[in-house]
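Secondary and tertiary structure notes
Read off the chains here:
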Amino acid sequence: MTSFTDTFERKEVKYRLNAKQHREVLDALAGRMAADEYGRTRITSLYFDTPTRDLIARSLEKPLYKEKLRVRWYGTPTSGERVYVEIKKKYDGIVYKRRVGCSLTAACAYLMGRVPYENACVQNPLSDQVQQDEALTLHSIQIAREIDAFTARYRNLRPSMYIVCERTAYAPVPGADADGLRITFDSGVAYRDVLAGEREAGSAFHPLLGLGETIMEVKTAGTYPPWLVEVLGGCQAYPSSFSKYGAAYQECERAAGTRFVRGAFPSLTSRKDNRRA
């Protein structure tokens, strides 16, 4: 069992592609990049926020620094399979991620039951012993302390929004001019309002993309290879500031009859596996 990557520092650029642009990019990847061994995977992310969703409101103001907290899993995990508790930060265009892997039951106990991370992991162990040992390394515990500091800084955090998508990830083939490059395609992006679900039984998932649309994300620590620049320019694909959680939040605001206004929210700073990149 290979260990997972718990820390990322890279540039992540999103593109909202129509069906034609998607096909043209896939054609350009042929011979250079290929879908990884996991193929198409369903990803579920549960974002945590304040009761008035101050974190995402602040994020949509596009500050120099912003951060989010989520639990993410792949497929449909059982109670003993690994999920990831993750802080995602963005500063001056660079994305930083710090995460720990633990069982879904442990993650719930840790974040919603306010049980210390180590206790939650011991009481709700992972089925795989190698993964369980990784969950309790000194490095993982240090990251958990950073998550603790996050939850202490933004008090009263609770589950806010489920975001789901179908993802296919591409990695370079041997010898290709694409070192360090990773490209993902997300389709079927949808959200479920957890806060509304507390008031309205049976809250459903709602789509965030139009028919045939895909979110492409280019992840790299360096510059784009020339062939990628050429294909993006040729199909007129341009960077988009699309945030899945942000778009879902704005949809919820519209459904509630309110209007999102950038800059209308107070600054929060004034308040007291390699598989899964």
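So, here is what we can say about the structure in this document. Since the structure is predicted, the reported quantities are computational estimates derived from the model, not experimental observations.

1. As for the side chain of Lys244
Positionally, Lys244 belongs in helix H9 (residues 244-255). Owing to a relative accessible area of 10%, Lys244 belongs among the buried residues under this scheme. Here the side chain of Lys244 touches Asp186 through a polar contact of 3.0 Å, side chain to side chain. Setting aside its immediate chain neighbours within four residues, Lys244 contacts Lys14, Ile163, Cys165, Arg167, Asp186, Val189 and Leu208.

2. Topic: the side chain of Asp193
By secondary structure assignment, the location of Asp193 is in strand E7 (residues 182-193). According to the relative accessible area criterion, Asp193 is buried, its value standing at 11%. In this structure the side chain of Asp193 is engaged in a polar contact, spanning 2.4 Å, whose partner is the side chain of Arg53. Within the structure, Asp193 has its side chain in polar contact with the backbone nitrogen of Leu195 (distance 3.1 Å).

3. Considerations on the pairing of strand E9 (residues 214-220)
In terms of burial, E9 is largely enclosed, as seven of its seven residues are buried. Of the two faces of E9, the one lined by Thr214, Met216, Val218 and Thr220 and the one lined by Ile215, Glu217 and Lys219 are each fully buried. Where E7 lies against E9, five bridges are found, and the strand directions are antiparallel. Considered in E9, the bridge of Thr184 is made with Glu217.

4. Digging into the pattern of salt bridges
One pass over the full model with this rule turns up 19 salt bridges. A salt bridge links Glu12 to Lys88; the shortest N-O distance between them is 3.9 Å. One end of the pair, Glu12, is in strand E1 (residues 7-17); the other, Lys88, is in strand E4 (residues 82-91), and 76 residues separate them in sequence. Residue classification places Glu12 among the buried residues on the basis of a relative accessible area of 7%.

5. Let's talk about the layout of surface pockets
Looking at the largest pocket, its volume works out to about 830 Å³. In terms of lining residues, the largest pocket is bounded by 41 residues, among which Lys66, Lys90, Ser241, Phe242 and Ser243 are the most central. Residues that form the lining of the largest pocket fall into these classes: 15 nonpolar, eight polar and 18 charged.

6. Here's the deal with helix H8 (residues 226-234)
Considered for burial, the residues of H8 that qualify are Trp227, Leu228, Val231 and Leu232. Summarising the axial view, the buried residues of H8 lie within an arc of 130°, below the 170-degree limit, and thus occupy one face. Turned more than 90 degrees from where H8 packs its buried face, Pro226, Glu230 and Gly234 sit exposed. Directly beyond the C-terminal end of H8, a positive phi value near 55° is found at Gln236.

Calculation notes
- Residue numbers run consecutively from 1 along every chain, following the written order of its sequence.
- Selection of residues for local features in this predicted model requires a pLDDT of at least 70, selection of side-chain atom pairs for listing and counting requires 80 or more, and totals for whole chains, interfaces and linings are taken over all residues.
- Each side-chain value is derived from all of the structure's non-hydrogen atoms; neither hydrogens nor water enter the calculation.
- Counting from the N terminus, the helices are the DSSP runs of H or I reaching at least four residues and the strands are the DSSP runs of E reaching at least two.
- Think of it in three bands: with a 1.4 Å probe and only protein chains considered, a residue is buried below 20% of the maximum accessible area for its type, exposed above 50%, and partly exposed in between.
- What qualifies as a polar contact is a pair of N or O atoms within 3.5 Å, subject to a donor-acceptor requirement within protein and to the restriction that residues adjacent in sequence count only when both atoms come from side chains.
- Throughout, a contact is declared for two residues whenever any of their heavy atoms are within 4.5 Å.
- Any two strands with at least two DSSP bridges between them are considered paired.
- In what follows, salt bridge is the name for a side-chain nitrogen of Lys or Arg lying within 4 Å of a carboxyl oxygen of Asp or Glu.
- Both cavities and pockets are sets of points on a 1 Å grid over the protein atoms alone; in a cavity a 1.4 Å probe fits but cannot get out, in a pocket the set is open with protein on both sides within 12 Å along at least five of seven lines, and lining residues sit with an atom within 4 Å of a point.
- Grid points are joined across faces, edges and corners, and a volume is the space filled by probe spheres set on the points.
- Gly is placed with the polar residues, together with every amino acid not listed as nonpolar (Ala, Val, Leu, Ile, Met, Phe, Trp, Tyr, Cys and Pro) or charged (Asp, Glu, Lys and Arg).
- What the arc covers is the set of directions going from the helix axis to the C-beta atoms.

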